[in-house]
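# Fold and geometry: a report
The primary structure of each chain is shown beneath.
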Amino acid sequence: MASGRNIRFYYDLISQPCRALYIFLEQNKIPHQKCPIALRKWEHSAPEYMQNVNRFGKVPAIVTENNFKLAESIAILRYLTREFSVPDHWYPRDSRRRARVDEYLEWQHSNTRLHCASYVRYVWRGPLRGEAVEPKVAKRLQAEMIGCLDFIESNVLQRDMRFIAGDDITIADLVAACEIEQPKLTGYDARVDRPKLTAWIQRVKEYTQPDYNEAHKILHKFAPVAA
């Protein structure tokens, strides 16, 4: 196990995958050095960062003491569950329980992450860069996001389970919750008229406090929607 190794964690908490990883690291007391990267200043695109940390030019990323570099939040979360002594519920060793976690993590790339991030990127981040917003495009992106969130409410969150993959919290819940929080930046609150989603996200919050609130401080600073 790698529990004695410190890692450097490169992140910006305006990024939803960074928040999920931040919460996981803090919850499990994994030794790490915080290395903030300012996306607004394009520090993730600096040649030094791309050469020495993440060749993809993104956050989050980690670098271990033996200079093992790893990008992509899902890959990092899975790596950490293997390398550090974390409770089994985060990424269960049981094959079927782990498969259920992986099912969501694979699905979310072209669903929760795609639709929530695309809407926020167009409606919120675009104008910050001086880009115009076409109402028709914004309406289409919002409709796609709403359809995805409604599917999560009606199908992903099962009535007989407290969390996405069962009665215990997993990395799937962290990834999902942080993505679903992101549209608050545009004034859209995914909890409205979705009672199962509202109850589930409250359970995720309660389990991971105070780290959940700490990770979302910057989002709440810019969001016109209450926490």
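First, a word on scope: everything that follows refers to the structure included in this document. Just so it is clear, the structure is predicted and the values come from calculations on it, not from any experiment.

Another aspect to go through is the overall build of the protein chain. Scanning the protein chain from terminus to terminus reveals 10 helices and four strands. Since a compact globule built from 227 residues should have a radius of gyration of about 17 Å, the 17 Å found for the protein chain is in line with a globular shape. Considering only C-alpha atoms, the protein chain reaches an extent of 50 × 45 × 30 Å along its principal axes. A burial count over the protein chain gives 50% of its 227 residues as buried. Relative to all contacts within the protein chain whose residues are 6 or more apart in sequence, the contacts with residues 24 or more apart total 69%. Total accessible area on the protein chain is roughly 11,500 Å²; 50% of this is exposed by carbon and sulfur atoms. Of note, the protein chain has its 34 positive side-chain charges centred 3 Å away from the centre of its 28 negative side-chain charges.

The sheet built from four strands is open, its strands ordered β2-β1-β3-β4 with mixed pairing. Strand pairing shows two members of the sheet lacking a second neighbour, β2 (32-36) and β4 (69-71), which therefore form its edges. Each neighbouring strand pair of the sheet contributes to a mean axis angle of 20°, computed without reference to strand direction. In this sheet, β2 lies alongside strand β1 (residues 7-11) in parallel orientation, the contact comprising five bridges. Looking at β2, one finds that Arg8 is bridged to Gln33.

Before going further, it helps to examine the side chain of Glu181. One can find Glu181 in helix α7 (residues 171-181). A polar contact is formed between the side chain of Glu181 and the side chain of Tyr212, at a distance of 2.6 Å. Those residues within four positions of Glu181 in sequence are excluded, and the remaining contacts are Arg19, Ile201, Lys205, Tyr212, His216, Leu219 and His220.

With that settled, the discussion passes to the packing of helix α6 (residues 135-156) against helix α8 (residues 195-208). Contact pair α6 / α8: the axes reach a minimum separation of 8 Å and the direction vectors enclose 80°. Here α6 is positioned roughly perpendicular relative to α8, judged by the angle of their axes. Residue-level contacts link Leu149, Ile152, Glu153 and Ser154 of α6 to Pro195, Lys196 and Leu197 of α8. Looking at the contact of α6 with α8 residue by residue, the class counts come to four nonpolar, one polar and two charged.

Summed over all chains, the structure comprises 13 salt bridges. With its nearest N and O atoms 3.0 Å apart, the salt bridge here joins Glu106 to Arg78. You can see Glu106 sitting in helix α4 (residues 95-108) and its partner Arg78 sitting in helix α3 (residues 73-83), a full 28 residues away along the chain. Owing to a relative accessible area of 17%, Arg78 belongs among the buried residues under this scheme. Here Asp168 ties to Arg97 by a salt bridge, and the two come within 3.8 Å at their closest N and O atoms.

About the thresholds
- Within each chain, residues carry numbers counting from 1 in the order of the written sequence.
- Reporting of local features is limited, given that this is a predicted model, to residues whose pLDDT is at least 70; pairs of side-chain atoms are given and counted only at 80 or more, and all residues count toward the totals for whole chains, interfaces and linings.
- Hydrogens are left out, water is left out, and the side-chain values use all remaining heavy atoms of the structure.
- Only DSSP runs of H or I with at least four residues qualify as helices, and only runs of E with at least two residues qualify as strands; both kinds are numbered from the N terminus onward.
- Note on method: radius of gyration uses C-alpha positions; expected globular size equals 2.2 Å times residues raised to 0.38.
- Exposure classes here rest on a 1.4 Å probe applied to the protein chains alone. A residue is buried below 20% of its type maximum, exposed above 50%, and partly exposed in between.
- By definition, residues are in contact when any of their heavy atoms lie within 4.5 Å.
- Computed by Shrake-Rupley with a 1.4 Å probe, the accessible areas treat only the displayed protein chains as cover when residues are assessed.
- Residues scored as positive are Lys and Arg, those scored as negative are Asp and Glu, and His as well as the terminal groups of each chain are ignored.
- All charge positions are set by atom: Lys at NZ, Arg at CZ, Asp at CG, Glu at CD.
- Between any two strands, at least two bridges found by DSSP are needed for them to pair.
- The convention used is that axes are lines fitted to C-alpha atoms, helices contributing only their stretch in contact, and that angles between N-to-C directions extend from 0 to 180 degrees.
- Under the rule applied, a polar contact is a pair of N or O atoms within 3.5 Å (in protein, one hydrogen donor and one hydrogen acceptor; residues adjacent in sequence only if both atoms are side-chain atoms).
- The labels follow the angle: roughly parallel below 35 degrees, roughly antiparallel above 145, roughly perpendicular from 65 to 115, and oblique for the rest.
- The residue classification treats Ala, Val, Leu, Ile, Met, Phe, Trp, Tyr, Cys and Pro as nonpolar and Asp, Glu, Lys and Arg as charged. All others, Gly included, are polar.
- We define a salt bridge as a contact between a side-chain nitrogen of Lys or Arg and a carboxyl oxygen of Asp or Glu at a distance within 4 Å.

Functional significance is not addressed by these values, which are geometric in nature.
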